[in-house]
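# Structural overview
This is what each chain is made of:
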Amino acid sequence: MGKIKDRKQQASNHQDGFDHEDKAPTRAAVLVPVLPDRYLQNDSDDAEPVRFQRSSEARLEEACGLARAIDLEIIMAEIVNVSQPRPATLLGTGRVETIAEAIEEQEIELVIVDHALTPVQQRNLEREWKVKVIDRTGLILEIFGRRAQTKEGVLQVELAHLNYQKGRLVRSWTHLERQRGGSGFLGGPGETQIEADRRQLQEKILRIKRELETVVRTRTLHRQKRRKVPHPIVALVGYTNAGKSTLFNRMTGAGVLAEDMLFATLDPTLRRIRLPHGGMVILSDTVGFISNLPHHLVAAFRATLEEVLEADLILHIRDISDPDNAAQAEDVETILASLGVERNDRKRVYEVWNKIDLLDESAHEAALVLAASSTSSDMNDEAKPVAISAYTGEGVPELLNIIEKRIYGDLKSIDMTFGVDELSMLDGIYQSASNIKRENLEDGSVRIQAQMTASAAKMLEERRFGSKPQDD
């Protein structure tokens, strides 16, 4: 147990290099470089074209939210326009000098660049600014290190960090200089410190992968056990801070951490819930997605995200109050596609528009109307999104009915008369039906009129009639 705690502390402290136990929060600057569109295009022929561009202001707000998630004190937050990225520093020389002056004047200790930095760029910026510099990937790794609670989560974060760190081994420090090997000038250079460090990192990576394989086998066994008790799985996915954990708590009564904070929860949580007509499903709350999610994390958390692939129904939770929710939805769809979930799979993926309580009255009404009237060439009535507030509970009963319909089929009216020897079936009907009307007949039999899902009605008929043909 102590070993796991040590690992968690290492995963938490590995990235930024500052002491988390200091009472005074670290003074930080957040910089959001904005590059011309031609530098943002994906060269892959298979890549989907980006339909929605996130605004620079939204990127800055999100980057600040990420920084606040690890208790940094944001002293400076700026959008930096970059006409042409520099291989050495990303930013132009004049901009680097201006920022250096501001860093010294405001006594900033850490600079977060909301963009991928090469090892050389990170090293050069640290030299120019004389402070620690981390990029977007490093920041997200730091957050994940803080949030991981389970053994699997800690191992996944450590694996992602080691893969990231392996690419950061550049000859920037004196201890990485070459060491001679053999005798005389024909001996050639010995193993460099860089190579030794890289070899040690690779050994750690292989060891952690072996430990993760054990955890994955355990998770697979759990899935097999769940299949023996065939409860369908419903997975909540969405952009970070879309309100998944709040909705999860609302639907299950669980005490999962739910705060207005990016990546408030990291480890997946599963709970059984009973639907309005008695059907049972397993609800799974997963880690939030984010734009430009580091591929190290996608790879490391693939075992966890396989819970999504196993799901019978995927609820895509969208923060409809966020002006950039369309771009966020596109990011989620891209990550789901990378996991093997087909785009526009309306049968399996269902949209939930959350946080309508944060809209003003006119926008609130508009969201309800828009959700009810959403149509497209590939969207039928049952694929229309539902507008809810996980915080107030508005729309959640309707969502539960939709889940039930998707999993167990449409409601079906039944009108059956049960003989004296069949009265033991009534208890199951009361648990799985609604709008029940009961009539006690003179011969002791009971007539039941009710509504239940198609699946429940089929199970009742099979239980009652077995292989015998059903009487009209």
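Residues numbered from 1 in each chain as written. Predicted model: local features only at pLDDT ≥ 70, side-chain atom pairs only at ≥ 80, totals over all residues. Heavy atoms only, no water.

### Things to note about the overall build of the protein chain
Applied cut-off: Helix and strand definitions follow DSSP, with helices as H or I runs of at least four residues and strands as E runs of at least two, each counted in order from the N terminus. Throughout, a residue-residue contact means that at least one pair of heavy atoms, one from each residue, lies within 4.5 Å. Surface accessibility follows the Shrake-Rupley procedure with a 1.4 Å probe radius. Residue values consider only the protein chains on display as shielding.
Along the protein chain, the regular secondary structure elements total 15 helices and 13 strands. Long-range pairs, those at least 24 residues apart, make up 70% of the contacts in the protein chain with a sequence separation of at least 6. In the form shown here, the protein chain has an accessible surface area of approximately 24,700 Å², with 48% of it arising from carbon and sulfur atoms.

### Quick word on unusual backbone geometry
The following threshold applies: Burial here depends on accessible area, computed with a 1.4 Å probe over protein chains only, as a share of the maximum for the residue type. Under 20% is buried, over 50% is exposed, and the range in between is partly exposed.
Backbone geometry places leucine 90, a non-glycine residue, at a positive phi of 70°. Structurally, leucine 90 is set in the loop between β2 (73-81) and α3 (93-105). Classification of leucine 90 as buried rests on a relative accessible area of 3%. The backbone phi angle of lysine 130 is positive, close to 60°, even though this residue is not glycine.

### As for a negative patch on the surface
We count it as follows: For patches, a residue must show more than 30% relative accessible area and have no salt bridge; joins then use 9 Å for like charges and 5 Å for nonpolar side chains, namely Val, Leu, Ile, Met, Phe, Trp and Tyr. Salt bridges are defined as contacts in which a side-chain nitrogen from Lys or Arg sits within 4 Å of a carboxyl oxygen from Asp or Glu. Only four residue types enter the charge count, namely Lys and Arg as positive and Asp and Glu as negative; His and the chain termini do not. Every charge is mapped onto a representative atom, which is NZ of Lys, CZ of Arg, CG of Asp or CD of Glu.
Together, Glu97, Glu101, Glu104, Glu105 and Glu128 make up a negatively charged patch on the protein surface. By secondary structure assignment, the location of glutamate 97 is in helix α3. For glutamate 97, a relative accessible area of 47% puts it in the partly exposed group.

### Here we look at the sheet that holds strand β7 (residues 280-285)
Hydrogen bonding along the main chain pairs the strands of a sheet, whether they run parallel or antiparallel. Applicable threshold: Two strands form a pair only when DSSP identifies at least two bridges running between them. Only C-alpha atoms enter the line fits that serve as axes; for helices the fit covers just the stretch in contact. Angles between N-to-C directions range over 0 to 180 degrees.
Across the sheet, which stays open at both edges, the 6 strands sit in the order β6-β7-β5-β8-β9-β10 with mixed pairing between neighbours. Every interior strand has two partners, whereas the edge strands, β6 (269-274) and β10 (386-387), have only one. In this sheet, strand β8 (residues 313-319) lies alongside strand β5 (residues 233-238) in parallel orientation, the contact comprising 5 bridges. Paired with glycine 238 across the two strands is isoleucine 317, which belongs to β8. Each of β5, β6, β7 and β8 is contacted by helix α8 (residues 244-252), which is oriented at about 155° to β7, the strand it contacts most. The sheet contacts of helix α13 (residues 396-408) involve β5, β6, β7, β8, β9 (349-354) and β10, and relative to β8 the element is tilted by about 155°.

### Details of the pattern of salt bridges
Oppositely charged side chains may form a pair once their charged atoms are brought near each other. Going through the model one piece at a time under the given rule, you end up with 15 salt bridges. Here arginine 136 makes a salt bridge to glutamate 62, at a shortest N to O gap of 2.8 Å. Highlighted residues: arginine 136 in helix α5 (residues 136-147) and glutamate 62 in helix α2 (residues 56-68), separated in sequence by 74 residues. Glutamate 439 serves as the salt-bridge partner of arginine 447, at 3.7 Å between the closest nitrogen and oxygen. One continuous salt-bridge network, built from bridges that share partners, spans Arg59, Glu62, Asp114 and Arg136.

### Considerations on the packing of aromatic side chains
Note the threshold: Think of it this way: a Phe, Tyr or Trp ring, Trp meaning its six-membered ring, pairs with another when their centres are within 6.5 Å, and the plane angle makes it stacked under 30 degrees, edge-to-face over 60, tilted otherwise. Charges are assigned to positions over rings by a cutoff of 6 Å between ring centre and Lys NZ or Arg CZ, combined with an angular limit of 35 degrees from the ring normal.
Applying the stated criterion to the full structure yields 0 aromatic pairs. Arginine 464 extends its terminal NZ or CZ atom over the ring of phenylalanine 418, reaching a point 4.5 Å from the ring centre.

### Some words on the sheet that holds strand β12 (residues 433-440)
The sheet built from 3 strands is open, its strands ordered β11-β13-β12 with antiparallel pairing. Of all strands in the sheet, those with a lone pairing partner are β11 (411-418) and β12, marking the two edges. Between one strand and the next, the sheet's axes are offset by a mean angle of 15°, whatever the strand orientation. Of the pairings in the sheet, the one linking β11 to strand β13 (residues 446-453) comprises 8 bridges and is antiparallel in character. Bridging from a neighbouring strand, phenylalanine 418 pairs with valine 446 of β13. Sheet strands in contact with helix α15 (residues 454-465) are β11 and β13, and its direction is about 25° off that of β11.

Remember, this is a structural readout, not a statement about activity or role.
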